[in-house]
Every structure is written in C-alpha cells, then in structure tokens.
Amino acid sequence: MATYIARRLLWVPVLLLIVSFITFALGRFGPGDPVQILLGQNFREDAYERIRKQQGLDDNIAVQYARYIGNTLRGDFGESYQYRGRSVTDLLKNKIWISAQLNFAALLISISLGVAAGLFAALKQGSWWDSAMVAFTLVGQSMHVFLTIPIALLIFSLKLQWLPTHGWDGFFSTSIILPALVLGIPGVAIVTRLTRASTLDVIGQDYIRTARAKGLPERLVRVRHILRNSLIPVVTTLGFSLAGLASGSFIVELYFGIPGVGLLTIESLFSRDYPIIMAVTLLGTTLFVLANLIVDLVYPVLDPRIRLGGDFVAG
Amino acid sequence: MQGDAQSLQLPDTDRRSRGYFYLSLRRLSRKKLSMACLTIIVILYGSGIFAPVVAPYGYNEQNLSIAKEGPSLGHPLGTDRLGRDLLSRVMFSLRTTVIITVTSLVTGALIIGVTLGLIAGYFGRMADGIIMRVGEVTSAFPDIFLVLIIVATVKPRILQWVRGFEDATGIDWIIRLGIVDYTVISLALAAFSWFGMARLVRGQVLQARENQYVEAARAMGSSTRRILGKHLLPNVISPVIVSVSAGLGAVAGAEVVLSWLGIGIQPPTPSLGVMIFENGNISVLRSDPHLTLVPSSVLVLLLFTFSLLGDGLNDAFNPRAR
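Cut-offs applied
Residues numbered from 1 in each chain as written. Chains lettered and ligands numbered in written order. Predicted model: local features only at pLDDT ≥ 70, side-chain atom pairs only at ≥ 80, totals over all residues. Heavy atoms only, no water. Buried < 20%, exposed > 50% of the residue type's maximum accessible area, 1.4 Å probe, protein only. Helix = DSSP H or I, 4+ residues; strand = E, 2+ residues; numbered from the N terminus. Arc of directions from axis to C-beta. Core = buried A, V, L, I, M, F, W, Y, C linked by side-chain atoms within 4.5 Å. Contact = heavy atoms within 4.5 Å. Polar contact = N/O pair within 3.5 Å; in protein donor to acceptor, adjacent residues only side chain to side chain. pLDDT = per-residue confidence, 0-100. Phe/Tyr/Trp six-rings, centres within 6.5 Å; stacked < 30°, edge-to-face > 60°. Lys NZ or Arg CZ within 6 Å of the ring centre and 35° of its normal.

### So, helix H10 (residues 218–230) of chain A
Residues and elements named next belong to chain A.
Moving on, step 1. For H10, the complete set of buried residues consists of Val221, His225, Ile226 and Ser230. Taken down its axis, H10 places every buried residue within 105 degrees of arc, on the same side. Within H10, the exposed residues directed more than 90 degrees away from the buried face are Arg219 and Arg228.

What follows is the structure, encoded as structure tokens:
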C-alpha cells in the first residue's frame, strides 16, 4: 500500500513535466509570434529585436522550456501577453477565486438536491415519486448546458424577469443563481442516482432491521443508520464531480460573462497568450490528477474488496 | 430441448460465440426503450448521411424575405435570420456529427484503442508500461483541454500548408469542403478517446489470457496473432460495444463545444455548435427562441439516446453484471 502510494505520488511530477512540455511545444508550434502579440500591430524593428532578446525567444526551445520550468518551480508563471505588465499569478488569483465560488455553488446545489431527492426516492421505493426521480436521473445526466442555459434564461430572466441574464456580483447575489443551477443539474442527477442506489442497498441490511427491532424511532434509524451509511459512495464520487464540474464551467462562464478561469482561458487561447494557457494547463492537470489519486486511494478504505498495489492501475 | 438449442452452451467454439452474440442482440431487441433509442439514433444518423438527398433545402440557401419565421408547412422548424431552413441546417449539421463521430471513433477508440489495449494486456511488461503511461499523459489533461489546445494550435498551421498546396497545384476544394476541419478535429478527438478503450480492453485481456483455452492454443503452436484475434478479441468485444455507444455521445458533444467556441467546424459548413453559437445571444433568445432551442434539443436528444442505449447494451451484453 505504502509503495503503491509512493509510486503514484512520484509519477505525478513526471506526468506534469510531460504535460507541460506537450503544451509548451504546441504553443511554439501554433500560429502567432509572441513578440507581435506583446507589441500589438505597430512596432519598430529595433523594439522587436530588443523584446525578442529580452524574452529569450532566440534560444533553443529546450533552453526556453528549461527556463520556464525553473521559473514555474519558483512560483513564477511569467507575464501575460495580452494584459501587459501583469503577472500570470496575479491575474489567475482573482479568476480562480471567482470560478471556485461558482463551482462551489453548483456543487452545493448538486449535493443538497441530489441527496434529498435520492433519499426520498429510495425510502418511497415504487411510488410515483420514485419513478419520477429515476426518469429525472436518466434525462438530467444528458442535460447539456447548451439546452439548460437558454431554457433557464427564457423562464427566469426573460419571462419572469427574476434573475439577471449575465454578469457577476460575487457569491451572495442573484447573478450566481442561474449559472450555478445549470452547472449543477447534471450533478444533481448523478448524486440522486448514487444516493438512491446506495440507500436501497443499506435499507436491506441486517443492522437496519436490528435498529428497528430494538425500537429506535424511525427518524433516528433514517438519519443515523441509513443516511450515514448510504452517503459513503456519494462522498467518494465527489472527487470525480469536482473535476467534471470544471468542464461545463467554461461554457457557462462564457454564456453568462462571468470573469473566471474558463473565460480567461478561452480568451487566451484566441489571443495566443501562451503564458496563461501554460499556467492553466499545469494547474488544471495537477488538480485533476490529484482528485483522481485521492478517489483511487479512498475507494479501498471504504470498500476493502478493492485491492491496490499488485497491478499499477492509474486513474 | 431440440428447439431451444440456441440457448445451450454448445462445445463448438465458433457456434457458441455466434450464439452469445445472437442471444445478446435478442435480449436487446426485447427492450422497448433501447429499441426506441436505436430507432431515434438511426433516424438522426440517417438524416445526416442522406442530408443532400432528403433535406428540403440547401444548408446555405438564403431567402431574406422569409427570415426568422416560425414553424410552417414549408419550413417545419422555421427559418433563421438569413432565411435559411432550420430543418435542412440541422440535417446537414448531423452530417458533420456523423463524419466526426464515426471517423474519430473508428480511428481513436476502435483501431488505436483496441489494438493497443490488446497489446498492453497480452504482452505486459514494457509494452504495457509504455502504452499505459502515454495514455495517462493524454488523459491527465482536464476534460477536453488537450483537444482544445491541439485544435487551436495545429489547425491554423495545417490550414496554412494546405493553402500553399492548393495554390501550388490549383486544387481548390480541400479547404472549401471542410476536409481540414474534419480531419484535425477527428484526430484530436481520437487522441482524447483512445485511452478509455485501451484501458478497458487491457483489463478484459488480463482476465481472458489466464483462461485454459489460451494456454491450450499456445501449446498447440498458434501464432500470437491468431491467439489475439481468434481467442482474445471475441472475449473483449461486448464491453467494447457498450463503451462505443457512450463514447459516441461524448465525441459528438465535444465537437459541438469546439465548433461553438469557433475553433471547430468553420461556417459555412454547418454544425450544431455553429448553429447554437450563431443564435445564442440574448436578443435572439428573446425574439426567436426556437433558433437556439432546436439545435440544442437535437444535441441533447442525441446524448440522451446514446446514454440510454449504452445502458441497454450493457444489460443485454453483460446480463450477469446486474
């Protein structure tokens, strides 16, 4: 077990090195001269040469890459091309905070609605409520933000005029409701299905019958014995959904004009702002790989039947 | 007894494998929901493949006098702001979906994924190590980020080369027909989808190669290729079928996202992503919501039917897993 964890952890930096090199090489291969992006349309020849030298773009690509990695290890992601004079770290800090708030709100919606719906569906197994929830989990998972966004906007912003169509005013404002909702809907479906399945599993266990037989009030049985045990598999999938949430997130940010990481990344992709693209790739990959690692490590703790180590199966 | 020979496990391997397939398909055909999904997928893909024949109008046929009309007899789904028939545009967009999903799945998941999975699982050691490490790198990028970067950086370069090639040779249809777009996007999506399949096949092979019939085949002097193709491949084929159905939905969705961002399929070649982008702003939504809702609904219908069909296939091909 210990060697397995050590091997997995040692693999992470190697993985990041390779991923960053691929991104770096693709950035150099792609169109757009970094100096021209820095200088804009009108520039003089000598300024061009000076900046080129100053940025070290005349060096061999391997040298440039090594320098980049060296700087990155010191926590310096370089300067943005499009926002001149602003460091990438500085730019990203704000954006990450905004995106994190949005994703947290979406996650909150997914978990609270999902757990409640799944629990009730399982406790009322076979009722119309249960059937409706099962149908919802099937449809909800395929609900692409491309459909939920226009529908949500039509109903809540244009028809009822309750909520703003776009913008960002922080976590405690009405502008977060719609984006978080559309981002959270597929998660609600997943959490509902998981909670329902695991609750049904737990309800059939002997210790539930024992708890009822010894005369515990039904409320206590539900909260202490059923809910607590049925939440275990739900918790483990949180790692996955955290990583998965980020994907729909940039579409939502673009649609609603939320100045988060997603919007910045797409902007940078179009303006060939490679320092930002590199930084986002590195941070995103780290987060994604670590989330998968944690899920892999937590699973065997919860389910001892899963054996690690013998076969190096990485997520 | 005699009449029910299909369900018996006959000792002859060739007959038995056909029987398993037949039984699975028969199980699938009894599921109404799965058959309904299959029908919808066939209709959607069929209207994409035969779009030039069945679409009532061309995808770029403009008629400004009937712009932004609602559904009518002549235009069942209405027209967009340039008076183009929405139904025809959806059909031609589905053609894009068909091309992208089929090419990237055949190259990525089926050819690369299954082959590398078989190799990794059967040979183990070095081959396994290299294939799995490379796969982990491609899947370490969050979501479709790798596809995004590849398409954004590689496509402009290739377009440049092809333009030079067109100028030099006088050929002028490569870019116009969107062949560069299709190729780059399919390959980028293949790079994104092969590893899931390879990992799945590898896992199956790891189990299957321990079977005695594999050992027997090896003892009888069968070639490695024969063991892989004749004895191992049929054993891994059913999970492959199940995951292809799920994979098609993911690839179709990714293409729509790329095209929506403006780095995928370029207009005038139609794509659901392009249609959603063109009609996605709030003023269009206010005045003509059907322009956004129609392509989005088609996308969701596609994703939904693929995921339901995947569930059905899973039940039909792995009946013991329930």
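So that's the structure; there's more coming.
### Digging into the nonpolar core
Moving on, step 1. Judged by nonpolar contacts, the single largest core of 124 residues is most densely connected at A:Phe146, A:Phe256, B:Leu148 and B:Leu232.
Moving on, step 2. In terms of residue count, the dominant contributor to this core is helix H9 (residues 224–261) of chain B (16 residues).
Moving on, step 3. Not counting residues up to four positions away in its chain, the partners in contact with B:Leu148 are A:Ile266, A:Leu269, B:Leu258, B:Leu261 and B:Ile263.
Moving on, step 4. B:Ala120, B:Met132, B:Trp194 and B:Phe195 belong to the second largest nonpolar core, which has 6 residues in total.

### Notes on the side chain of A:Thr199
Residues and elements named next belong to chain A.
Moving on, step 1. When you line up the elements, threonine 199 lands in helix H8 (residues 177–203).
Moving on, step 2. Its relative accessible area of 0% is what places threonine 199 among the buried residues.
Moving on, step 3. Here the side chain of threonine 199 touches serine 230 through a polar contact of 3.5 Å, side chain to side chain.

### A few points about the confidence of the model for chain B
All names here are of chain B.
Moving on, step 1. The pLDDT averaged across chain B works out to 81; a share of 93% of its residues lies at or above 70.
Moving on, step 2. Residue range residues 1–7 is modelled with pLDDT below 50. Its contacts to residues more than four positions away, or to other chains, number 5 contacts.
Moving on, step 3. Interface confidence for the predicted complex, expressed as ipTM, amounts to 0.78; the pTM equals 0.81.

### So, the packing of aromatic side chains
Moving on, step 1. Here the structure, examined in full by the defined rule, presents 10 aromatic pairs over all chains.
Moving on, step 2. Note on B:Tyr122 and B:Phe123: the rings are 5.3 Å apart at their centroids and 85 degrees apart in plane angle, and the pair reads as edge-to-face.
Moving on, step 3. For B:Tyr122, a relative accessible area of 12% corresponds to the buried category.
Moving on, step 4. When its relative accessible area of 40% is taken as the criterion, B:Phe123 is described as partly exposed.
Moving on, step 5. The ring of A:Trp11 carries the charged tip of B:Arg133 above its face, separated from the ring centre by 5.5 Å.

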